[in-house]
Amino acid sequence: MKAAVLQESNGPLVYRDWNVEANEGEKLLEVKFAAINRRDLWIQKGLYPGIKLPAVLGSDGLVYENDQAFLVNPNLDWGDNPRVPASSYHIRGLEKEGTFAEFTAVHPDRLAKKPSHLSDEQAAALPLGGLTAYRALVGNCNVQSTDRVFINGIGGGVALFAAQFALAIGCEVHVSSSSQSKIDQAIQLGATGGVLYTSDMWGKNYKKQVGGFDVVIDSAGGDGFPQLINLCNIGARIGIYGGTRGTINGISPQHLFFKQIHIFGSTMGNDQEFSEMVDLVDKYKIVPHVDEVFRLQEINKAFAYMKNKERFGKVIIDCSN
Ligand SMILES: NC(=O)c1ccc[n+]([C@@H]2O[C@H](COP(=O)([O-])OP(=O)(O)OC[C@H]3O[C@@H](n4cnc5c(N)ncnc54)[C@H](OP(=O)(O)O)[C@@H]3O)[C@@H](O)[C@H]2O)c1
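Residues numbered from 1 in each chain as written. Predicted model: local features only at pLDDT ≥ 70, side-chain atom pairs only at ≥ 80, totals over all residues.

Here we have six strands laid out as an open sheet, ordered β13-β12-β11-β14-β15-β16, and parallel in their pairing. Each edge of the sheet is formed by a strand with only one pairing partner; in this case those strands are β13 (193-196) and β16 (262-265). For this sheet, the mean angle separating the axes of adjacent strands, direction not counted, is 20°. Taken together, the five bridges between strand β14 (residues 213-218) and strand β15 (residues 232-240) define a ladder with parallel strand orientation. Looking at the pairing, V215 lines up with R237 of β15. (Pairing = 2+ DSSP bridges. Helix = DSSP H or I, 4+ residues; strand = E, 2+ residues; numbered from the N terminus. Axes fitted to C-alpha atoms, helices over the stretch in contact; angles between N-to-C directions.)

What follows concerns the nonpolar core. Most often, soluble globular proteins keep nonpolar side chains buried together rather than apart. Counting residues in each nonpolar core, the largest one holds 91 residues, and the members touching the most others are L137, A162 and A163. Of all the elements, helix α4 (residues 157-169) adds the most residues to this core, at nine residues. Counting contributing residues per domain, this core is built from domain 1 (2-126 + 288-318) and domain 2 (132-265), each supplying no fewer than three. In contact with A162, other than residues within four places in its own chain, are A133, A136, L137, I151 and I217. (Core = buried A, V, L, I, M, F, W, Y, C linked by C-beta atoms within 7 Å. Buried ≥ 20, exposed ≤ 12 C-beta atoms within 10 Å, placed from the backbone. Domains from an automatic or database assignment. Contact = placed C-beta atoms within 7 Å.)

Quick look at the sheet that holds strand β4 (residues 55-56) now. An order of β2-β1-β4 is seen for the three strands of this open sheet, with the pairing classed as antiparallel. The sheet is open, and its two borders are formed by β2 (13-17) and β4, each paired with just one other strand.

Right under this line is the structure:
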């Protein structure tokens with residue numbers, strides 16, 4: 001079979017023959033579509049722990065078995081504690097061969113029936129990003145329909161899921177972005193408003209304009225993080241699952257403790273949260289936003305496109321083509 005293989009750090013992915021074998025209990029299933037996550041780009045750059053090359057990347061997949069479509073749960077060996085993963089925990093698409101391939105080896109307990117309202121491409125976009133958004137928003141921040149929710153950097157794949165989930169739950173949702181057109185697209189999806197995180201003191205000013213927030217979801221960290229603290233209501237919960245902008249500086253502890261703020265670091269989610277996330281998508285007919293679809297042979301073009309500033313939603317790989 002053909003796969004997109006990372007052979008050396010900082011090198012391109014190579015479309016080539018690859019032999020994948022199913023372990024005991026697994027089945028070799030045809031991958032129709034996969035999706036790119038930021039994690040794949042970090043791995044390509046060598047910025048991820050435990051990289052052993054060559055490797056087939058790709059954590060998200062839509063596979064077929066006997067004409068039935070299934071999502072692949074990217075979690076492997078989460079362990080017994082639902083709160084935190086075991087040390088054996090890993091994610092499909094590195095030590096376990098990933099979905100940027102014509103076939104992948106999957107244990108049946110990693111499969112979830114595709115919600116019927118989704119196309120195969122839309123379904124492939126969901127697993128990793130949807131799971132991360134769900135745990136940050138629901139598992140950790142325990143969002144309620146009465147909460148006012150702020151999603152930082154709405155152009156991110158995970159951020160957009162978090163906004164869609166919060167809207168489905170009935171929350172008032174506001175967003176930030178570097179791009180007014182992305183804020184406008186979020187408003188079209190149901191968000192109430194948004195602010196450019198590129199302006200000065202944007203958090204403080206936006207709170208004055210529209211009021212504070214009970215739940216804040218972030219993947220940037222960095223110098224903008226203190227603005228998120230400014231946006232918080234007393235007792236607010238912040239869920240942070242990424243560090244795209246690096247080290248956080250400039251937070252006064254007084255702002256944290258006087259406001260009784262809870263900050264939750266959040267990574268992926270357990271298998272129960274994965275099922276709940278798929279059920280939520282099914283119940284509210286949530287549709288993942290697919291920005292662009294590339295063929296498996298065009299994987300390097302697709303990786304380059306991930307850096308396109310106009311991108312809104314997920315980049316999908318057609319693995320059957
Ligand atoms: N912990 C986990 O389990 C987990 C899972 C998935 C991803 N992650 C991490 O989460 C981060 C985002 O992942 P993703 O897949 O959603 O990536 P992505 O689709 O590439 O999203 C990146 C987004 O970050 C936003 N951003 C950039 N600079 C920002 C800033 N200064 N303030 C606010 N937002 C900013 C941008 O939003 P605009 O385009 O709107 O400006 C951009 O679209 C990555 O660091 C990734 O490694 C962690």
